[in-house]
Amino acid sequence: PAAPRARLHFHAQLAHGSATGRVEGFASARQLYAQIAQVFGIPPAQIMFCTLNTHKVDMDKLLGAQIGLEDFIFAHVKGQRKEVEVLKNEDVLGLTITDNGTGCAFIKRIKEGSLMDQIKTVCVGDHIESINGINVSDCRHYKVAKMLKDLEKGQIFKLVLIEPMKAFEMLEPRSQGGSLPEAKISRGRETLRLRTKGPATVEEMPSEAEEKAIKKVDELLETYMGIRDIELAATMVEAGRDKKNPDEFAMALDESLGDFAFPDEFVFDVWGAIGDAKQGRL
């Protein structure tokens with residue numbers, strides 16, 4: 001793939017309302033948040049996550065490993081803090097956790113009918129700041145998901161959450177003169193691929209088979225670990241692209257993603273999903 005274009009830039013706004021800024025020259029989510037923070041004069045840690053082409057808290061539009069060259073970036077920043085006490089009377093809470101790539105874990109999905117679905121103050125997009133007084137604001141999503149999973153059944157636990165900042169005008173029908181214009185929805189065939197390690201690259205959009213594999217691996221992450229992470233899923237699919245067997249694939253994952261300590265069964269299922277996608281079985 002070609003190196004990033006020297007003048008490649010993207011337009012951005014704060015999701016709750018702001019002027020339009022321009023960001024460029026970033027290679028990772030961390031660098032992107034630092035650029036956005038500089039443009040809008042806020043601390044980088046205030047940015048919870050970004051969505052593409054919508055100011056809404058839409059988890060289907062989360063910025064992950066790929067940004068289309070025509071995409072408009074909306075940054076969601078920390079708003080109101082809230083505390084909630086929950087009696088864990090079921091084994092499964094019904095939360096799926098993801099993070100923004102810099103250690104800010106937040107709720108991506110709440111399973112309908114689950115224990116947490118009954119607590120209406122807990123919302124999709126909320127950042128999990130602490131669990132039973134333990135600050136987890138700098139923990140990766142898989143660690144937060146494990147802490148929630150390991151909570152003892154039958155006990156009350158306490159969460160401190162921070163919701164994305166909301167604008168007053170979002171509560172009413174928007175006027176044509178609002179501060180959040182409709183962003184361009186068209187997507188080019190090229191994207192900027194962000195990487196945790198190494199430079200960003202301009203690449204062709206993933207093939208249909210790779211898109212299906214990434215989606216399936218993301219679902220497996222939720223099943224096995226209670227997290228969703230498109231960037232992680234894309235990295236895993238990329239790691240398996242030229243591998244000949246599951247042992248080679250497992251070694252590649254250990255080298256690049258050893259911190260996750262993936263279970264063997266999970267790695268085998270991911271390898272199977274990549275193979276199914278290549279053979280057109282997904």
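These notes cover the structure that comes with them. (Residues numbered from 1 in each chain as written. Predicted model: local features only at pLDDT ≥ 70, side-chain atom pairs only at ≥ 80, totals over all residues. Heavy atoms only, no water.)

## Focus: unusual backbone geometry
Using the following cut-off: Every helix listed is a DSSP run of H or I at least four residues long, and every strand listed is a run of E at least two residues long, numbered separately from the N terminus. Under the scheme applied here, a residue whose accessible area is under 20% of the maximum for its type counts as buried, over 50% as exposed, and between as partly exposed, the area being computed with a 1.4 Å probe on protein chains only.
Non-glycine residue Asn53 carries a positive phi angle of around 70 degrees. Secondary-structure assignment places Asn53 in the loop between β3 (47–52) and β4 (66–68). Looking at Asn53, the relative accessible area reads 13%, which means it is buried. Positive phi outside glycine occurs at Ala261, with the angle close to 50 degrees. Take Ala261: it is sitting in the loop between α5 (246–257) and α6 (264–278). The exposed category is assigned to Ala261, whose relative accessible area is 62%.

## With respect to the packing of helix α3 (residues 208–225) against α6
Axes are the key here: two packed helices are described by the angle between their axes and the distance separating the axes. To keep it simple, the criterion reads: Axis definition: a line fitted to C-alpha atoms, over the contacting stretch in the case of helices. Angles run 0 to 180 degrees between N-to-C directions. Here the angle decides the label: under 35 degrees means roughly parallel, over 145 means roughly antiparallel, 65 to 115 means roughly perpendicular, and every other value means oblique. Handedness of a helix crossing follows the sense of rotation of the near helix relative to the far helix, less than a right angle counterclockwise being left-handed and clockwise being right-handed. The contact rule is simple, with two residues in contact once any of their heavy atoms fall within 4.5 Å. When residues are sorted by character, Ala, Val, Leu, Ile, Met, Phe, Trp, Tyr, Cys and Pro go into the nonpolar class, Asp, Glu, Lys and Arg into the charged class, and all the rest, Gly among them, into the polar class.
Following both chains from N to C, one finds α3 and α6 inclined at 160 degrees, their axes separated by 8 Å at the closest point. Viewed along their axes, α3 and α6 adopt a mutual orientation that is roughly antiparallel. In this structure, α3 crosses over α6, and the sense of that crossing is right-handed. Taken together, the residues of α6 that come into contact with α3 (itself represented by Ala209, Ala213, Lys216, Val217, Leu220, Leu221 and Tyr224) are Glu265, Phe266, Asp269, Val270, Ala273, Ile274 and Ala277. Across the contact of α3 with α6, the residue classes break down as 11 nonpolar, no polar and three charged.

## Observations regarding the layout of surface pockets
Going by this rule: Residues are called lining when one of their atoms sits within 4 Å of a cavity or pocket point, these points coming from a 1 Å grid over the protein atoms alone, where a cavity is a set in which a 1.4 Å probe fits but cannot get out and a pocket is an open set with protein on both sides within 12 Å along at least five of seven lines. Grid points are joined across faces, edges and corners, and a volume is the space filled by probe spheres set on the points.
As a volume, the largest pocket reaches approximately 840 Å³. Around the largest pocket, the lining is made up of 37 residues, and of these Asp60, Lys61, Leu62, Gly64 and Ile230 lie nearest the centre. Those elements that place two or more of their residues in the lining of the largest pocket are α1 (29–40), β3, β6 (95–99), β7 (105–110), α3 and α4 (230–239). Here the lining of the largest pocket takes five residues from α3, the largest share from any one element. For the lining of the largest pocket, the residue count by class is 16 nonpolar, seven polar and 14 charged.

## Focus: the sheet that holds strand β11 (residues 190–193)
Heads up, the condition is: Paired strands, in this sense, are two strands between which DSSP finds at least two bridges.
In spatial order, the strands read β4-β11-β12; together these three strands make up an open sheet with antiparallel pairing. What marks the edges here is a single partner per strand, and that holds for β4 and β12 (201–204). Between one strand axis and the next, the sheet turns by 40 degrees as a mean value, whatever way the strands run. Inspection of the sheet shows β11 paired to β12 by four bridges, in the antiparallel sense. When the sheet's bridge partners are listed, Thr191 is paired in β12 with Glu203.

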